[in-house]
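Breakdown of the fold
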Amino acid sequence: MPASTTNPLKARTVGDIAASTPGATAVFRRFRIDFCCNGDLDVAAAAARRGVDPVELEQALDELAAPASEMPAAMDSADLIDHIRTCYHQAHREQLPELIALSRKVEAVHREHPQVPAGLAEALRRVAADLEDHMAREEASLFPAMLDADGEGLDLSIAALRAEHDGQGQLVELLETMTGRFVPPEGACRSWQALYIGAARFVDDLMEHIHLENNVLFPRFASPRDASA
């Protein structure tokens with residue numbers, strides 16, 4: 001039967017699918033589905049929002065299969081927080097300075113090229129500053145509070161961080177627009193190619209990072225009325 005009539009994914013949100021199905025985030029990125037800031041949408045609604053065929057999306061998800069125990073969602077909160085800090089916070093702090101330097105080089109050397117990503121270095125600098133402030137506050141206050149006995153009373157902090165994630169999602173869209181979704185022009189030099197490969201990797205990592213917080217970690221500590229905010 002068609003996947004659209006039998007697929008159990010129809011009843012689940014894209015955030016839940018991303019959290020529990022290995023490989024799902026790569027599928028969502030391929031179809032440009034926002035599973036982070038709009039992770040509360042079901043598959044059909046998310047597909048409609050992006051203008052893709054929901055049946056094709058469901059079929060791509062159907063091809064994925066692996067034990068849920070392999071996913072970060074199966075970790076306890078302490079291990080998940082450590083995973084976020086080491087795999088994402090640390091990675092972003094290593095990635096962004098290099099990307100900014102590469103972008104400045106490409107913008108200077110190829111300033112006459114019609115496809116040069118003019119302003120990309122400044123956009124990346126803004127991303128780095130916003131993200132560093134965001135991560136530092138998580139590490140200094142939110143994560144320790146979560147690791148306390150009960151982690152209660154965190155709704156306001158979580159709501160503020162969710163709102164910042166929305167802003168980070170908008171900055172990602174800006175980066176994708178400025179770079180033509182990280183596709184370098186024909187004949188691009190190695191620095192230009194490295195810049196776009198690195199920027200695409202950073203965006204993938206950032207989307208995974210936001211997803212794990214919005215859809216896995218935060219709901220464990222938000223009150224029921226705020227858990228789906």
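Residues numbered from 1 in each chain as written. Predicted model: local features only at pLDDT ≥ 70, side-chain atom pairs only at ≥ 80, totals over all residues. Heavy atoms only, no water.

Following the criterion strictly, the structure yields 2 aromatic pairs and no others. Ring plane angle 90 degrees and centroid distance 6.3 Å describe the contact between W192 and Y196, whose orientation is recorded as edge-to-face. Of this pair, W192 and Y196 are both found in helix α9 (residues 190-217), 4 residues apart, which corresponds to roughly one turn of the helix. (Phe/Tyr/Trp six-rings, centres within 6.5 Å; stacked < 30°, edge-to-face > 60°. Helix = DSSP H or I, 4+ residues; strand = E, 2+ residues; numbered from the N terminus.)

Another point: the side chain of S77. Structurally, the position occupied by S77 is in helix α6 (residues 77-109). Once residues lying within four places of it in the same chain are set aside, the contact partners of S77 are R220 and F221. (Contact = heavy atoms within 4.5 Å.)

Attention now moves to the packing of helix α7 (residues 120-147) against helix α8 (residues 155-179). Running from amino to carboxyl end, α7 crosses α8 at an angle of 160 degrees, the nearest separation of the two axes being 11 Å. Regarding the angle of α7 to α8, the classification is roughly antiparallel. Seen from above, α7 lies across α8 with left-handed handedness. In contact with L120, A123, L124, R126, V127, D130, L131, H134, R137, E138, L142 and M146 of α7, α8 contributes S157, I158, L161, E164, H165, Q168, L171, L174, L175, M178 and T179. Tallied by class, residues from the contact of α7 with α8 come to 13 nonpolar, 5 polar and 5 charged. (Axes fitted to C-alpha atoms, helices over the stretch in contact; angles between N-to-C directions. Parallel < 35°, antiparallel > 145°, perpendicular 65-115°, else oblique. Left-handed = near helix turned anticlockwise from the far one by under 90°. Nonpolar A, V, L, I, M, F, W, Y, C, P; charged D, E, K, R; others polar.)

Considering all chains together, one arrives at 11 salt bridges under this definition. Where R137 meets E164, a salt bridge forms, and the shortest distance between an N and an O atom there is 2.7 Å. One end of the pair, R137, is in helix α7; the other, E164, is in helix α8, with 27 residues separating them in the sequence. According to the relative accessible area criterion, R137 is partly exposed, its value standing at 33%. Close ionic contact of R201 with D205 constitutes a salt bridge, the shortest N to O distance being 3.2 Å. Taken together, the residues R201 and D205, both in helix α9 and 4 residues apart, mark about one turn of the helix. A single salt-bridge network, built from bridges that share partners, covers R29, R32, E176, R181 and D204. (Salt bridge = Lys/Arg side-chain N within 4 Å of Asp/Glu carboxyl O. Buried < 20%, exposed > 50% of the residue type's maximum accessible area, 1.4 Å probe, protein only.)

Right, let's talk about helix α5 (residues 54-62) for a bit. Among all positions of α5, only L57, E58, A60 and L61 are buried. The arc enclosing the buried residues of α5, seen along the axis, measures out at 160 degrees, which places them on a common side. Its side-chain oxygen 2.9 Å from the backbone nitrogen of V55, D53 forms the N-cap of α5. (Arc of directions from axis to C-beta. Polar contact = N/O pair within 3.5 Å; in protein donor to acceptor, adjacent residues only side chain to side chain.)

Let us look at the side chain of R162. Within the secondary structure, R162 sits in helix α8. Among buried charged residues, R162 stands out as having no salt bridge; its nearest opposite-charge side chain is D166, 7.6 Å away. At 3.0 Å, the side chain of R162 and the backbone oxygen of N214 are in polar contact. (Lys, Arg positive; Asp, Glu negative; His and termini not counted.)

If you check the backbone angles, R181 has positive phi at about 60 degrees while not being a glycine. Structurally, R181 is set in the loop between α8 and α9. Using a relative accessible area of 34% as the deciding quantity, one classes R181 as partly exposed.

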